[in-house]
Amino acid sequence: MKLIIKSLALGLAIAGTLSAAQAADFKPRMVRFGYGLAEDSNQGRAVRFFAEELNKASGGKWKVKTFGAASLGSDPQMQNALIGGAQEIMVGSTATLVGIVSDFGVYDLPFVFNSEKEADTVLDGPFGQKMMDKLQGKGMVGLTYWENGFRNLTNSKRPVNKMEDMAGIKLRVMQNPVYIDMFKGFGANAVPLAFSELFAALETGAVDGQENPVTTIDSSKFYEVQKYLTMTRHVYSPWIVTASKRWYDGLTADEKAALQKAAIASRDFERRDSRAASEKSMEVLKQKGMQINSMSDAELNRMRATTKPAVDKFAAMPGHAEVVKELDAELAKLRK
Ligand code: TK8
């Protein structure tokens, strides 16, 4: 009898030392996490961080596999795979979500955010959450926002010192009307194209230029096919990590909680990493021979004024006036 009690106690003691992960309710799952940038990029590093967190939290029950360089498809293709349940998680630009929830175009309105700090506060606050919640009715679940960063202009034709220098430049933009209207307004020839096709388009001269944060210009090796970089910071566009709602709805409460926790940890990791990488990328781009120039505030203000029709057009679409007002109110709170 004593022996039985002893071994029972021992058994309990061992059970007590099992990690919380093993005790928690995790089912064995294969999770596909896709993204568009190169594996060696700020996006790739953060995806691997997220995957690792989930593998750990599940005590090895989850096998999260990462797929970079758009190997599961472009942003819009992955979004459809999530909605259909053929893929579990992705990260991509909020800008490419406008085909699903057009309200997301609000983040693409030119010169809306003044700093990374402003963007963090708005995205991590009630406004950012409310935007993510709009995806639920469309088959996706928003998990968190990562930094893509302020977007800058590159091209192979000429230095862009003033708006008129963009005239006639065939410029790849994301598949999003705000960008098409904005760059047409600047005088460029805006061509919407998936990011996965961008390098080849620049290389063959199908387009002359593009716009992205310096980290992406570096990790995608655009310096090989682009000579001029102009620091316009015209849009701060976030990345958003999303899950398939079909898949998400089948998760246990413990799994959902772990997913949320890993999402927040990945966000903090990604923003720190991206901001450090951004400084290094500027050095790399210089060293690779890109000619870099900034634009005067007066010129940027002139560009901003030129975008008014694009902003008005966005705001005139159903429901958008409300979204713009809400974002303006959030920003006003920060700036007072
Ligand atoms: C990566 C894209 C990219 C975005 C773009 O899939 O398309 O220019 O900036 O980050 O989402």
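Structure: above.
I will try to describe carefully the structure that is included in this document. Everything numeric in this text was worked out from a predicted model, so none of it was measured.

A separate point is unusual backbone geometry. You will see that A69, though not glycine, has its phi angle at about 50°, which is positive. By the element assignment, A69 lies in the loop between strand 2 (62–67) and helix 4 (75–84). You can call A69 exposed: its relative accessible area is 52%. The backbone of K221 shows a phi angle near 55°, a positive value even though the residue is not glycine.

Around the ligand, the structure places G36, L37, D75, S93, N148, R151, R172, M174, F195, N212 and W239. Residue D75 places a side-chain N or O atom 2.8 Å away from an oxygen atom belonging to the ligand. The side chain of R172 places a nitrogen or oxygen atom 2.8 Å from an oxygen atom of the ligand. For the ligand, the accessible surface in isolation is 310 Å², of which the surrounding protein chains cover 98%. Class assignment for the residues of the shell around the ligand results in four nonpolar, four polar and three charged.

We now examine the pattern of salt bridges. This model, assessed by the stated rule, comprises 24 salt bridges. Residue K130 pairs with E326 through a salt bridge whose shortest N-O separation is 2.9 Å. You can see K130 sitting in helix 6 (residues 126–133) and its partner E326 sitting in helix 14 (residues 320–335), a full 196 residues away along the chain. Here K130 falls in the partly exposed class, since its relative accessible area comes to 42%. The salt bridge partner of K308 is D312, with a shortest N-O separation of 2.8 Å. Pair noted here: K308 and D312 are both in helix 13 (residues 308–315), with a separation of four residues, about one helical turn.

As for its placement among the helices and strands, E39 is situated in the loop between strand 1 (29–35) and helix 3 (42–57). Taking the relative accessible area as the measure of exposure, E39 reaches 52% and is therefore exposed. E39 sits 28 residues away from F67 along the chain, and the two C-alpha atoms are 8.3 Å apart. Those residues within four positions of E39 in sequence are excluded, and the remaining contacts are G44, R45, R48 and G68.

The subject of this paragraph is helix 11 (residues 253–287). The end-to-end C-alpha distance of helix 11, which contains 35 residues, comes to 50 Å, matching closely the 51 Å that a straight helix rising 1.5 Å per residue would cover. For helix 11, the principal kink sits at S278 and spans about 25°.

Take the sheet that holds strand 3 (residues 89–93) next. A sheet is described by the order of its strands in space; here five strands give the open sequence 2-1-3-10-4, paired in mixed fashion. Two strands in the sheet have a free side with no partner beyond their single neighbour: strand 2 and strand 4 (140–150). On average, each strand axis in the sheet is tilted by 20° relative to the strand beside it, whichever way the strands run. Along the sheet, helix 11 contacts strand 1, strand 2, strand 3, strand 4 and strand 10 (236–244); its crossing angle with strand 4, the most-contacted strand, is approximately 5°.

This part takes up the nonpolar core. If you look at the biggest cluster of nonpolar residues, it comprises 52 residues, and the most contacted ones within it are F104, V106, Y107, F113, M166 and F183. With six residues, helix 7 (residues 177–186) is the largest single contributor of residues to this core. For F183, the contacting residues outside a window of four places in its chain are L153, M166, L171, V173, A188, A190, E211 and H234. Of all hydrophobic cores here, the second largest spans 28 residues; its members include A24, L37, L54 and Y248.

With that settled, consider the packing of aromatic side chains. Within the structure shown, the criterion is met by 12 aromatic pairs. Here a set of aromatic residues connected by ring pairs shows up, and it is made of F104, Y107, F127 and Y145. Across the ring face of F150, the terminal group of R233 is positioned such that the distance to the ring centre comes to 4.0 Å.

Cut-off values and rules
Residues numbered from 1 in each chain as written. Predicted model: local features only at pLDDT ≥ 70, side-chain atom pairs only at ≥ 80, totals over all residues. Heavy atoms only, no water. Helix = DSSP H or I, 4+ residues; strand = E, 2+ residues; numbered from the N terminus. Buried < 20%, exposed > 50% of the residue type's maximum accessible area, 1.4 Å probe, protein only. Near = heavy atom within 4 Å. Polar contact = N/O pair within 3.5 Å; in protein donor to acceptor, adjacent residues only side chain to side chain. Areas by Shrake-Rupley, 256 points an atom, 1.4 Å probe, with all protein chains shown as cover. Nonpolar A, V, L, I, M, F, W, Y, C, P; charged D, E, K, R; others polar. Salt bridge = Lys/Arg side-chain N within 4 Å of Asp/Glu carboxyl O. Contact = heavy atoms within 4.5 Å. Expected span 1.5 Å × (residues − 1). Bend = angle between axes of the 7 residues up to and from the residue. Pairing = 2+ DSSP bridges. Axes fitted to C-alpha atoms, helices over the stretch in contact; angles between N-to-C directions. Core = buried A, V, L, I, M, F, W, Y, C linked by side-chain atoms within 4.5 Å. Phe/Tyr/Trp six-rings, centres within 6.5 Å; stacked < 30°, edge-to-face > 60°. Lys NZ or Arg CZ within 6 Å of the ring centre and 35° of its normal.

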